[in-house]
Amino acid sequence: MDPGLEELMPRLLPVGDCDLAEDFDPTVPPRTPQEYLKRVQIEAARCPDVVVAQIDPRKLKKKPTVNISISGCRPAPEGYSPTLKWQQQQVANFSAVRQSLNKHRNHWRSQHLDSNVTMPKSEDEEGWKKFCLGERIYSEIDALSDNENLGIDYLKVGFPPLLSIVSRMNQATVTSVLEYLISWFGEKKFTPELGRWLYALLACLEKPLLPEAHSLIRQLARRCSEVRALEESKNEEQISALNLIICLVSRYFDQRDLADEPS
């Protein structure tokens, strides 16, 4: 550094000249504060003014990409945009569900699960998809492909989000399962089984949101709006379910830029 320039800069650790022993060895631990600061000065003086990074060109063949979406939700099909009153009512109902769940969580957690209920481990993505959606949806098997009477074979139709199940899920598991199902929804169609689980997981999601959860629910709302906009049959029940998820994400979890404009 230019000595003249250095004089204009305040020193954070001003060190005056200090008499060092003739046998001073900068490679051994310092014995005094003066030796320590002198060592820092010596090491700083040895640092080059310019450092050039050695980059392997082979690692730059693929251009790095970052997917960032800041767009809002796509508008509802004409005639299917929810009213403000409807949205406010859904938020109030959802808030009551969350309060009840929190109040009775310990009670439901203590209830015994049926012998056929085996909850997957938090990191078992495929296991949770099968658990929530069932073998038929997960494996994309036509429900009418055979004549068997399914009854309540939850292994095939998926376990519903029972209170005794979701009350056992900590926040890490709630976030993980939400991520698994949103990932699934990104490439698959919306189903009632998926809708029930998304609603239940949102009800279990604690506020304030962690950054990961914040990103997930925004992704969910956008995906719902995409599916809703492409709904050719205008299935009123399905559009209503998609409207509900968008409403909860935008108005209950304060993502107002994603909210539907009142009709």
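Residues numbered from 1 in each chain as written. Predicted model: local features only at pLDDT ≥ 70, side-chain atom pairs only at ≥ 80, totals over all residues. Heavy atoms only, no water.

Going by what an unreviewed UniProt entry lists, the protein chain is known as Gem-associated protein 2 and is assigned to Leptocoma aspasia. Per UniProt, the protein chain carries the Sequence similarities (unreviewed entry) text "Belongs to the gemin-2 family." (UniProt positions renumbered as here; feature names shortened; annotations may be inferred.)

Draft legend 1. How the structure looks around the overall build of the protein chain. If you tally the helices and strands in the protein chain, you get 10 helices and 0 strands. Ordered by position in the sequence, the α and β elements of the protein chain form the string α-α-α-α-α-α-α-α-α-α. With 263 residues in all, the protein chain has 33% of them scored as buried. Expressed as a percentage of contacts within the protein chain between residues at least 6 apart in sequence, the contacts between residues at least 24 apart total 71%. By element, 53% of the accessible surface of the protein chain is carried by carbon and sulfur atoms, the whole surface being about 17800 Å². (Helix = DSSP H or I, 4+ residues; strand = E, 2+ residues; numbered from the N terminus. Buried < 20%, exposed > 50% of the residue type's maximum accessible area, 1.4 Å probe, protein only. Contact = heavy atoms within 4.5 Å. Areas by Shrake-Rupley, 256 points an atom, 1.4 Å probe, with all protein chains shown as cover.)

Draft legend 2. Highlighting the packing of helix H7 (residues 171-185) against helix H8 (residues 192-204). Running from N to C, H7 and H8 cross one another at 150°; their axes reach a closest spacing of 10 Å. Here H7 runs over H8; the crossing is left-handed. Taking contact as the criterion, the partners of Gln171, Val174, Val177, Leu178, Leu181, Ile182 and Phe185 in H7 are, on H8, Leu194, Trp197, Leu198, Leu201 and Cys204. For the contact of H7 with H8, the residue count by class is 11 nonpolar, 1 polar and no charged. (Axes fitted to C-alpha atoms, helices over the stretch in contact; angles between N-to-C directions. Left-handed = near helix turned anticlockwise from the far one by under 90°. Nonpolar A, V, L, I, M, F, W, Y, C, P; charged D, E, K, R; others polar.)

Draft legend 3. Representation of the nonpolar core. With 48 residues, the main nonpolar core has Leu181, Trp197 and Leu198 as its most contacted residues. For this core, the elements supplying multiple residues, two or more each, are helix H3 (84-109), helix H4 (125-138), helix H6 (163-166), H7, H8, helix H9 (211-229) and helix H10 (236-252). (Core = buried A, V, L, I, M, F, W, Y, C linked by side-chain atoms within 4.5 Å.)

Draft legend 4. Broad picture of the state of the cysteines. Under the counting rule described, the total for this entry stands at 0 disulfides. The thiol of Cys224 is not disulfide-bonded; the next cysteine sulfur, from Cys73, is found 8.0 Å away. (Disulfide = S-S within 2.5 Å.)

Draft legend 5. Broad picture of H4. Compared with the 20 Å implied by 1.5 Å per residue over 14 residues, the 12 Å span of H4 between its first and last C-alpha is markedly short. Maximum bend of H4: about 85°, positioned at Cys132. (Expected span 1.5 Å × (residues − 1). Bend = angle between axes of the 7 residues up to and from the residue.)

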